[in-house]
Amino acid sequence: MSGSKVVLVTGASSGIGRACAELLSSQGHTVYGTSRKPSPPSAGHRMLEMDVTRDDSVLRAVATVLEEQGHIDVVVNNAGYALAGPIEETSLEEARHQLDTNFFGVLRVCKAVLPSMRARGSGLIVNVSSLGGVVGLPFQGLYSASKFALEGLTESLRQEVASFGIQVTSLQPGDVRTPITENRVRALQCGPDSPYRGAFETALGIIEKEERAGAAPELVARQVLSLMERKQVGVRYAVGHLSQRMLASTKTFLPARLFERILMSYYGL
Ligand SMILES: NC(=O)c1ccc[n+]([C@@H]2O[C@H](COP(=O)([O-])OP(=O)(O)OC[C@H]3O[C@@H](n4cnc5c(N)ncnc54)[C@H](OP(=O)(O)O)[C@@H]3O)[C@@H](O)[C@H]2O)c1
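Notes on the structure follow. (Residues numbered from 1 in each chain as written. Predicted model: local features only at pLDDT ≥ 70, side-chain atom pairs only at ≥ 80, totals over all residues. Heavy atoms only, no water.)

## As for the environment of Val 224
Right, on to step 1. Considering the arrangement of structural elements, one finds Val 224 in helix α8 (residues 217-228).
Right, on to step 2. In this structure, the C-alpha to C-alpha distance between Val 224 and Pro 115, residues 109 residues apart in sequence, is 23 Å.
Right, on to step 3. If near-sequence neighbours (up to four positions away) are discounted, Val 224 is found in contact with Cys 20, Leu 24, Val 76 and Leu 171. (Helix = DSSP H or I, 4+ residues; strand = E, 2+ residues; numbered from the N terminus. Contact = heavy atoms within 4.5 Å.)

Quick look at the structure:
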């Protein structure tokens, strides 16, 4: 892909999405960011209202870009949040909302943009997954489940749309310094009397400390830009601090129980 592109970045009001929207627009691309709260244009890109959990909202935002630009070259499926808590104490409603945002949200956007990409015979979809989509993280079980599901969707979709000239890839950031930490939702049932309370607080403390020391969101944005400049994109890209990028590959060659023991000891379990 070369030249100026029309790019849609979901969840561009903050963190990684905002860094992507700002970097890509600074490089001359026509960028539409989205947020659940409509906001005025910022730093060279326009913001559209989109709640990825609502079909009508996704369709409306995609239709706006298509009406104004005629096509969409690149979609960065980034909108998402982290739900934390013991799986046993996570309500189905909390679990559904996590999947509805991080997984079905991506599916909704893909379904909305694919017809126009197919008609044009080109397009790039970058799904922002996570290291948590490669490694099941304790007390982030539903978050990990949403990202594991996203990994499967990405691998399958890639194969289905390749003959239409559309490429799909997964970005797997390690910890990134963004408001995801403050925006984290905790399972309501996990109160002071929870049998998991001590372990949960210990593990979450480590997770949040790592996030605050994470890579800058601009690093992920630069990776997105570099993908847009490639002719062919790979299946997945780990991005972030080296130790975290290595964690994903370590999983592939260490015996599963040894890997698990290392992970549990790391999180104080
Ligand atoms: N930070 C990390 O360490 C890290 C690591 C791996 C992967 N990730 C992934 O990176 C992505 C971005 O996270 P971030 O760290 O940049 O977090 P963030 O700063 O909290 O930003 C999240 C973005 O998602 C949007 N969003 C949340 N729920 C939405 C919904 N229902 N509909 C539409 N937009 C919604 C928010 O927009 P509004 O609130 O304005 O609607 C916001 O722009 C997520 O998918 C996350 O899982 C982050």
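## What about the site of the ligand?
Right, on to step 1. Around the ligand there are 30 residues in total, and Ser 13, Ser 14, Ser 35, Tyr 143 and Thr 178 lie nearest to it.
Right, on to step 2. For the ligand, an oxygen atom lies 2.7 Å from a polar atom in the backbone of Arg 36.
Right, on to step 3. A distance of 3.1 Å separates a nitrogen atom of the ligand from a polar atom in the side chain of Asp 51.
Right, on to step 4. Those elements that place two or more of their residues in the shell around the ligand are α1 (15-26), α5 (141-161) and α6 (180-183).
Right, on to step 5. Grouping the amino acids of the shell around the ligand by side-chain chemistry returns 11 nonpolar, 14 polar and five charged. (Near = heavy atom within 4 Å. Polar contact = N/O pair within 3.5 Å; in protein donor to acceptor, adjacent residues only side chain to side chain. Nonpolar A, V, L, I, M, F, W, Y, C, P; charged D, E, K, R; others polar.)

## A look at the sheet that holds strand β3 (residues 46-49)
Right, on to step 1. Spatial ordering of the open sheet is given by β3-β2-β1-β4-β6-β7-β9, a layout of seven strands whose pairing is parallel. Because the sheet does not close on itself, it has two edges, and the strands there are β3 and β9 (236-239). Neighbour to neighbour, the strand axes of the sheet diverge by 20 degrees on average, direction disregarded.
Right, on to step 2. As judged from the four bridges shared by strand β1 (residues 6-9) and strand β2 (residues 30-35), these two strands associate in the parallel manner. By the bridge assignment, Leu 8 is partnered in β2 with Tyr 32. (Pairing = 2+ DSSP bridges. Axes fitted to C-alpha atoms, helices over the stretch in contact; angles between N-to-C directions.)

## Here's the deal with the packing of aromatic side chains
Right, on to step 1. Using the criterion set out here, one finds four aromatic pairs in the structure.
Right, on to step 2. Between Phe 103 and Phe 104, the aromatic rings sit 4.9 Å apart at their centres with planes inclined by 70 degrees, giving edge-to-face as the arrangement.
Right, on to step 3. Phe 103 sits in the buried class, given a relative accessible area of 13%.
Right, on to step 4. With centroids separated by 6.4 Å and ring planes inclined at 75 degrees, the aromatic side chains of Phe 139 and Tyr 196 adopt a geometry described as edge-to-face. (Phe/Tyr/Trp six-rings, centres within 6.5 Å; stacked < 30°, edge-to-face > 60°. Buried < 20%, exposed > 50% of the residue type's maximum accessible area, 1.4 Å probe, protein only.)

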